[in-house]
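So the chains spell out like this:
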Amino acid sequence: MRNYVIVETRDLLETRDADWSGALACALNRKKANATVFLAENGVLAARAAYDAPILRQLMKKGVSVFADRFALEERGMALHDLAKGVEPAEIGMIASEMRAGATVLWR
């Protein structure tokens, strides 16, 4: 099974184009690939529980793992307890680890 990591750096609630990342991850999972979404930079803003981002709910409903960069969270003053249910904090080094393991990484 192929593994994909889609890194989204834009606020999912601010730009409609960011829905592409979620749609791609869901499509990959339907094709029996393993897709993960990694929120970095302003992408972590949608990971707040208070935002209740529809795209995050859709991703988790479809079985897509969603991670939020710890450094980006800290830079934006977001505490781990502020994260939406199902979003896991992770180090940016996770992307390099996935690449070493053969994953395809798409950075947006």
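Structural notes, computed from the coordinates.

Cut-offs and rules
- Residues numbered from 1 in each chain as written.
- Predicted model: local features only at pLDDT ≥ 70, side-chain atom pairs only at ≥ 80, totals over all residues.
- Heavy atoms only, no water.
- Helix = DSSP H or I, 4+ residues; strand = E, 2+ residues; numbered from the N terminus.
- Rg over C-alpha atoms; globule rule 2.2 N^0.38 Å.
- Contact = heavy atoms within 4.5 Å.
- Areas by Shrake-Rupley, 256 points an atom, 1.4 Å probe, with all protein chains shown as cover.
- Lys, Arg positive; Asp, Glu negative; His and termini not counted.
- Charge placed at Lys NZ, Arg CZ, Asp CG, Glu CD.
- Salt bridge = Lys/Arg side-chain N within 4 Å of Asp/Glu carboxyl O.

**So, the overall build of the protein**
Counting its secondary structure elements, the protein contains four helices and five strands. Counting from the amino terminus, the protein carries its helices and strands in the arrangement β-α-β-α-β-α-β-α-β. What you see for the protein is a C-alpha radius of gyration of 13 Å, in line with the 13 Å of a compact globule of 108 residues. Based on the C-alpha atoms only, the size of the protein along its principal axes is roughly 35 × 25 × 20 Å. Long-range contacts, defined here as pairs at least 24 residues apart, represent 71% of the contacts in the protein between residues at least 6 apart. Accessible surface for the protein amounts to roughly 6,000 Å². Of this, 51% is attributable to carbon and sulfur atoms. Between the averaged position of the 15 positive side-chain charges in the protein and that of its 14 negative side-chain charges there is a distance of 11 Å.

**As for the pattern of salt bridges**
In total, this model carries four salt bridges according to the counting rule given. A salt bridge links Glu-8 to Arg-10; the nearest nitrogen and oxygen atoms lie 3.2 Å apart. Where Glu-91 meets Arg-70, a salt bridge forms, and the shortest distance between an N and an O atom there is 3.3 Å. Of this pair, Glu-91 sits in the loop between β4 (87-90) and α4 (93-100) while Arg-70 sits in helix α3 (residues 70-75), and the two are 21 residues apart along the sequence. Within this structure, Glu-8, Arg-10 and Arg-108 form a network of salt bridges that share partners.

**Details of the environment of Leu-73**
Mapped onto the elements of the fold, Leu-73 is located in helix α3. C-alpha of Leu-73 to C-alpha of Ala-90: the two residues are 17 residues apart in sequence and 10.0 Å apart in space. Those residues in contact with Leu-73 that sit more than four places away from it in its chain are Val-44, Ala-68, Met-78, Leu-80, Leu-83 and Pro-89.

**Some points on the environment of Ala-49**
Relative to the elements of secondary structure, Ala-49 occurs in the loop between β2 (34-39) and α2 (54-61). Spatially, the C-alpha atoms of Ala-49 and Arg-2 are 30 Å apart, while their sequence positions differ by 47 residues.

**Let's talk about unusual backbone geometry**
Phi is positive for Lys-32, close to 70 degrees, though the residue is something other than glycine. Among the structural elements, Lys-32 can be located in the loop between α1 (19-30) and β2. Even without being a glycine, Glu-41 presents a positive backbone phi close to 45 degrees. Residue placement: Glu-41 occurs in the loop between β2 and α2.

By themselves, these observations are geometric and do not establish any function.
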